[in-house]
Amino acid sequence: MSYSKNVDKSFALVRSELHLETIKLISFMVTVGAFIGAMTNFIAIRMIFRPHKPIVVFGSRLPFTPGLIPRRRDEIAHQLGRMVVDHLLTANGIANKLKSATVVQLFREWLERRIQPLLYSEKNIEQYVNRFLQVHDVRLLIRMRTNDYLTDLYERYRNRTVEECLPLTVHEQIKARIPAFARFLLKTGRNYLNSEEGKEQLRLALSRFLAQKGKPWNMLSMLISQDRFVDLVQKEIGKWLEDEATEQSMTKLCCKEWERLKKKQIVEFESFIDERKAIRSISSFIEAELFQIIDRPLKEWAPRYERAIVDTLIPNVVETAMTVMTTYTADIIRGLELDEIVSEQVQSFSTERLEALIISIAKRELKMITLLGALLGGIIGFVQSVIVLFS
């Protein structure tokens, strides 16, 4: 019995030692595998950036030197520039952003903040023109531009008809005001007829008329006093001028004359108007009005237009600017050569700075890649230990 017990103890001791050796073998191979996996990934990550320069031994460059990024730096910079232009800062993307309500509102608010202080400025327009446009004689510039503009405008429209020169809205406004113009003419005629001058002119006209008609009419003038005859005629003409049918006839006549006037070319009026004198007169009038404005401080006259500027001018400017920018976004991007800018900026980075930048961004991910290498290495080591034990 004692011998049997000793044998059992010996077998138990052997089994215990075998289990201990197995655990040691598995732990060793898992540890070695994990270390190799982690170091392999760690070295692979470092070899993306390092070494920064090629290593030459006995006149031959060692393989894999310099690192991937230093070796392909120019190519990476070029491809990164193309990626930014083709996939990130695209013309459609920028155009859609410019058209967004947020950007439009920001642009509008920025213009309002810039323009509103100018409206209450102590300076005048001439001072701002001198400062920003470097124009030292604003008056001379206005004279030259006004005269040139009016001359060019006349030459451009002189062979066109009045109807072609005036906008449709002006035609509609004139047509709508013809009845009022007819009433104005009749009212003016009545006022003149009732005035002393009008009565005197009527008396002279009647005297000439009776003198031209001979004795029968002279006899009539002898029977009726001239003043009474003039009063009678004046009264009848006044009734005729006040009659509604007369107003309708005058309106039709004005409409007919306006239609006839619209068909005339501007050049046909040259016999009545000296175009050079007309241009000089209009130019002088415009210059005088502009000179009064540019000489006065902005705060004296500009604030009255603040509401119109904020509510109408600025929105129109913003809309026009956004339309132009969105229409020519692709041309602007090509003109800016953003791909070249990005490429040059990347190439200007030192390799150390580029490495630090990428590692700072992807530090957590790179650490996880290293740990993943350790995990995979440990698994491989465990599988190898099992194969060794059962082989």
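Residues numbered from 1 in each chain as written. Predicted model: local features only at pLDDT ≥ 70, side-chain atom pairs only at ≥ 80, totals over all residues. Heavy atoms only, no water.

A. Representation of the packing of helix 4 (residues 91-99) against helix 17 (residues 329-336) within the structure. Between helix 4 and helix 17, the least distance of the axes is 9 Å, while the angle of their chain directions is 120 degrees. Taken together, the axes of helix 4 and helix 17 are oblique relative to one another. Like other packed secondary-structure pairs, helix 4 and helix 17 cross with a definite hand, here right-handed. Taking contact as the criterion, the partners of Ala-91, Ile-94, Ala-95 and Leu-98 in helix 4 are, on helix 17, Thr-329, Ala-330 and Ile-333. Tallied by class, the residues present in the contact of helix 4 with helix 17 amount to 6 nonpolar, 1 polar and no charged. (Axes fitted to C-alpha atoms, helices over the stretch in contact; angles between N-to-C directions. Helix = DSSP H or I, 4+ residues; strand = E, 2+ residues; numbered from the N terminus. Parallel < 35°, antiparallel > 145°, perpendicular 65-115°, else oblique. Left-handed = near helix turned anticlockwise from the far one by under 90°. Contact = heavy atoms within 4.5 Å. Nonpolar A, V, L, I, M, F, W, Y, C, P; charged D, E, K, R; others polar.)

B. Geometry of the nonpolar core. Leu-98, Val-103, Leu-111, Leu-119, Tyr-128, Leu-298, Trp-301, Ala-302, Ile-309, Ile-314, Val-318 and Met-322 together form the largest nonpolar core, which totals 12 residues. Every element with two or more residues in this core is listed here: helix 5 (101-119), helix 15 (298-301) and helix 16 (306-327). The contacts of Ile-309, once residues within four sequence positions are left out, are Ile-115, Leu-119, Ile-314 and Pro-315. (Core = buried A, V, L, I, M, F, W, Y, C linked by side-chain atoms within 4.5 Å. Buried < 20%, exposed > 50% of the residue type's maximum accessible area, 1.4 Å probe, protein only.)

C. Expanded view of the side chain of Thr-329. As for its placement among the helices and strands, Thr-329 is situated in helix 17. Since its relative accessible area comes to 5%, Thr-329 is described here as buried. A polar atom in the side chain of Thr-329 sits 2.5 Å from the backbone oxygen of Met-325. Non-local contacts of Thr-329, meaning those with residues more than four positions away in its chain, are made with Ala-91, Ile-94, Ala-95 and Leu-98. (Polar contact = N/O pair within 3.5 Å; in protein donor to acceptor, adjacent residues only side chain to side chain.)

D. Layout of helix 7 (residues 138-157). With 20 residues, helix 7 should cover 28 Å at 1.5 Å per step; its first-to-last C-alpha distance of 28 Å lies within 8% of that length. In this structure, the buried side of helix 7 is in contact with helix 6 (125-133) and helix 14 (275-295). (Expected span 1.5 Å × (residues − 1).)

E. Looking closely at the packing of helix 7 against helix 14. Put simply, helix 7 and helix 14 touch, their axes get as near as 9 Å, and they point 145 degrees apart. Between helix 7 and helix 14 lies a crossing whose hand is right-handed. In contact with Val-138, Arg-139, Ile-142, Arg-143, Thr-146, Asn-147, Leu-150, Thr-151 and Tyr-154 of helix 7, helix 14 contributes Glu-275, Ile-279, Ile-282, Ser-283, Ile-286, Glu-287, Leu-290, Phe-291, Ile-294 and Asp-295.

F. Up close: the environment of Thr-188. Within the secondary structure, Thr-188 sits in helix 9 (residues 168-194). Measuring from C-alpha to C-alpha, the distance between Thr-188 and Leu-241 comes to 10.0 Å, with 53 residues separating the pair along the chain. At a separation of 2.7 Å, a polar atom in the side chain of Thr-188 contacts the main-chain carbonyl oxygen of Phe-184.

G. Examining a nonpolar patch on the surface more closely. Residues Phe-28, Val-32, Phe-35, Ile-36, Met-39, Phe-42, Ile-43, Met-47 and Phe-64 make up a contiguous nonpolar surface patch of about 880 Å² in total accessible area. The residue Val-32 is located in helix 1 (residues 2-49) in this model. (Patch = residues over 30% accessible without salt bridge, like charges linked within 9 Å, V, L, I, M, F, W, Y side chains within 5 Å. Areas by Shrake-Rupley, 256 points an atom, 1.4 Å probe, with all protein chains shown as cover. Salt bridge = Lys/Arg side-chain N within 4 Å of Asp/Glu carboxyl O.)

H. Representation of the confidence of the model for the chain. For the chain, per-residue confidence averages 80 on the pLDDT scale, and residues scoring 70 or more make up 90% of the total. Taken element by element, the predicted model of the chain shows its lowest mean pLDDT in helix 11 (residues 215-223) (54) and its highest in helix 13 (residues 244-262) (90). (pLDDT = per-residue confidence, 0-100.)

I. How the structure looks around the pattern of salt bridges. A full pass over the atoms with the stated rule returns 14 salt bridges. Between Glu-257 and Arg-260 there is a salt bridge whose closest N-O contact spans 2.6 Å. Here the residue Glu-257 and the residue Arg-260 both occupy positions in helix 13, the gap between them amounting to 3 residues, near one helical turn. For Arg-260, a relative accessible area of 46% gives the class partly exposed. Among the salt bridges present, the one from Lys-264 reaches Glu-268, with a minimum N-O distance of 3.6 Å.

J. Layout of the side chain of Thr-161. Inspection of the secondary structure assignment puts Thr-161 in the loop between helix 7 and helix 8 (162-165). Judged by relative accessible area, Thr-161 falls into the buried class, the value being 16%. With residues near it in sequence (within four places) discarded, Thr-161 still touches Lys-262, Lys-263, Lys-264 and Gln-265.

K. Structural context of the packing of aromatic side chains. What the rule picks out here adds up to 2 aromatic pairs. Note on Trp-301 and Tyr-305: the rings are 6.3 Å apart at their centroids and 70 degrees apart in plane angle, and the pair reads as edge-to-face. The ring of Tyr-128 carries Lys-123 above its face, with NZ or CZ at 5.8 Å from the centroid. Here the basic side chain of Arg-139 rests over the ring of Phe-291, its NZ or CZ set 5.5 Å away from the ring centre. (Phe/Tyr/Trp six-rings, centres within 6.5 Å; stacked < 30°, edge-to-face > 60°. Lys NZ or Arg CZ within 6 Å of the ring centre and 35° of its normal.)

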